[in-house]
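# Overview (structure and organization)
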Amino acid sequence: MLHSIHSQVVRHMHLGTPSRSPMHLTLFVPDLLWPDHEHPQAFDFDQAPALARLLSLADLSITPYGASDSWESVLAHCFGFHDTQPPLGALRLLGQTATADVTQAYGRTLLCADPVNLDFIQQSLVLSPINAATLSREAVDALIKSLNDEFAGEGSFFSSDTLSQWYFAPLDTASHLPNLAACSRLLGRRIDADESRQVLGREGLHWLNRIQMCLNSHPVNDDRDRHGLPVINSIWPWGMGTLNSTGLNERPEFELAIGDNDLLRGLCIASNTPHADSAAPGTSCLLLDTRLANAIAQDDLDAWHVAINALVLTQIEPAMAQLQKGTLSSLTLIAPDAHGTYRWRLQADHKGLRPSWLQRLLGNTRQKPDLKHLIATWSR
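No experiment lies behind these values; they were computed from the predicted model shown.

## Examining the overall build of the protein chain
- A tally of helices and strands in the protein chain yields twelve helices and 13 strands.
- Buried residues in the protein chain amount to 52% of all 380 residues.
- Sequence-distant contacts in the protein chain: of pairs separated by 6 or more residues, those separated by 24 or more amount to 74%.
- Put simply, the protein chain shows about 18400 Å² of open surface, and 50% of that area lies on carbon and sulfur atoms.

Here is the structure:
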């Protein structure tokens, strides 16, 4: 999907008219590192030395998460949405490619209410997404009708054209609805059940219990169970807020955003930022790559290895070469995980990019860092 983006950027910079303004590249990569650092294969991938070189040279800052933060909220901040809880639900709806009337995302409070399967393992909850390919429009409509019957007079549930993305629009904007971290922060990880209850509070728990009672033994779920599919026994509420059409006072530092993602498209529409799914001209840009996060959500280390190797080969190594040549002014790597956000920034004038003539003569350009050891130093 993003395989040839950077090569196209580089070709344009060589063949086109040289830009007078500095060229910046921002790579936004949720779950850059495998979460279990003690796993014997967590750092056993071909491009680990090349990734370690970037991370060792760049300046690092680490920002811990708040209770409802996720990579989605961090991405919104990059576009100038600096609210503690940006309207991620409305922004995602705005970016739905098949939505006929984008104005429905503006001016009303919206909450993402994505269908999920919740299971218990001892004192932990396991949150599993519902694959859109296992859903039909008829099944989704039947489930949502039951929810709307239960919540008549309080608001309405509806789904987007992506059947696994649901929303709730409350009639009373002052109602105390649960607003948790996005599913992406929790998928593939155990959730402390007691902590979740505390975050939800009494009213939030009551609201979710009503939904779970409504979905329990629903004919659609009975049919899913007969076919060996995970039942939809809850929804996950996140991203609540109201999107106004007045525009943002602050412009993003990039001139183009690249990535096939509904929230990214919505952010581009709301901020008047040009967007491309998989190609870019030679300009300062942000690239979103969620393949590593998707692999972690599925607990698929092999897929994660494929994704991290592709990222380094097609994005990071070409960017490092352009930094060394001075064609690229800076590279920023933003990598949120389940606990916080890592940011690395590397400027083209960093001395470590260009070994001295004596270092080249002696063949000792720089001691190659070990990725596992490097990461271990961050927590000291």
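## Digging into the pairing of strand 12 (residues 330-336)
- Across the seven residues that make up strand 12, a large majority, seven, are buried.
- Because side chains alternate across strand 12, one face comprises the buried residues Ser-330, Thr-332, Ile-334 and Pro-336, and the other comprises Leu-331, Leu-333 and Ala-335, equally buried.
- Summarising the sheet, strand 1 (residues 24-28) and strand 12 pair through five bridges and their orientation is parallel. Its bridge partner being in strand 12, Leu-27 is matched across the sheet by Leu-333.
- Inspection of the sheet shows strand 12 paired to strand 13 (residues 340-347) by seven bridges, in the antiparallel sense. The residue of strand 13 that forms the bridge with Ala-335 is Tyr-342.
- Counting the residues between successive antiparallel strands, the hairpin from strand 12 to strand 13 contains three residues.

## Quick look at the packing of helix 2 (residues 48-57) against helix 12 (residues 371-378)
- Where helix 2 contacts helix 12, the two axes come as close as 9 Å, and the packing angle between them is 35°. With respect to the hand of their crossing, helix 2 and helix 12 are arranged in left-handed fashion. Between helix 2, through Ala-48, Leu-51, Ala-52, Leu-55 and Ser-56, and helix 12, the contact on the second element is made entirely by Leu-371, Leu-374 and Trp-378.
- Of the residues belonging to the contact of helix 2 with helix 12, the class tally is seven nonpolar, one polar and no charged.

## Regarding the sheet that holds strand 1
- If you trace the seven strands from one edge of the open sheet to the other, you get 2-13-12-1-11-9-10, paired in mixed fashion. Pairing within the sheet leaves two strands with one partner each, and these edge strands are strand 2 (59-64) and strand 10 (275-276).

## Thoughts on the pattern of salt bridges
- Evaluation of the coordinates by the stated rule reveals ten salt bridges.
- Salt-bridge contacts for Arg-265 lead to Asp-260; the nearest nitrogen and oxygen are separated by 3.0 Å.
- In this structure Asp-260 comes out as partly exposed when scored by relative accessible area, which is 44%.
- With a closest N to O distance of 2.6 Å, Asp-289 and Arg-291 form a salt bridge.

## Considering the confidence of the model for the protein chain
- In the predicted model, the protein chain carries a mean pLDDT of 86, and the fraction of residues at 70 or more is 85%.
- Contacts from residues 1-19, a stretch scored under 50 in pLDDT, to residues over four places away or in other chains number 38 contacts.

Parameters at a glance
Residues numbered from 1 in each chain as written. Predicted model: local features only at pLDDT ≥ 70, side-chain atom pairs only at ≥ 80, totals over all residues. Heavy atoms only, no water. Helix = DSSP H or I, 4+ residues; strand = E, 2+ residues; numbered from the N terminus. Buried < 20%, exposed > 50% of the residue type's maximum accessible area, 1.4 Å probe, protein only. Contact = heavy atoms within 4.5 Å. Areas by Shrake-Rupley, 256 points an atom, 1.4 Å probe, with all protein chains shown as cover. Pairing = 2+ DSSP bridges. Axes fitted to C-alpha atoms, helices over the stretch in contact; angles between N-to-C directions. Left-handed = near helix turned anticlockwise from the far one by under 90°. Nonpolar A, V, L, I, M, F, W, Y, C, P; charged D, E, K, R; others polar. Salt bridge = Lys/Arg side-chain N within 4 Å of Asp/Glu carboxyl O. pLDDT = per-residue confidence, 0-100.

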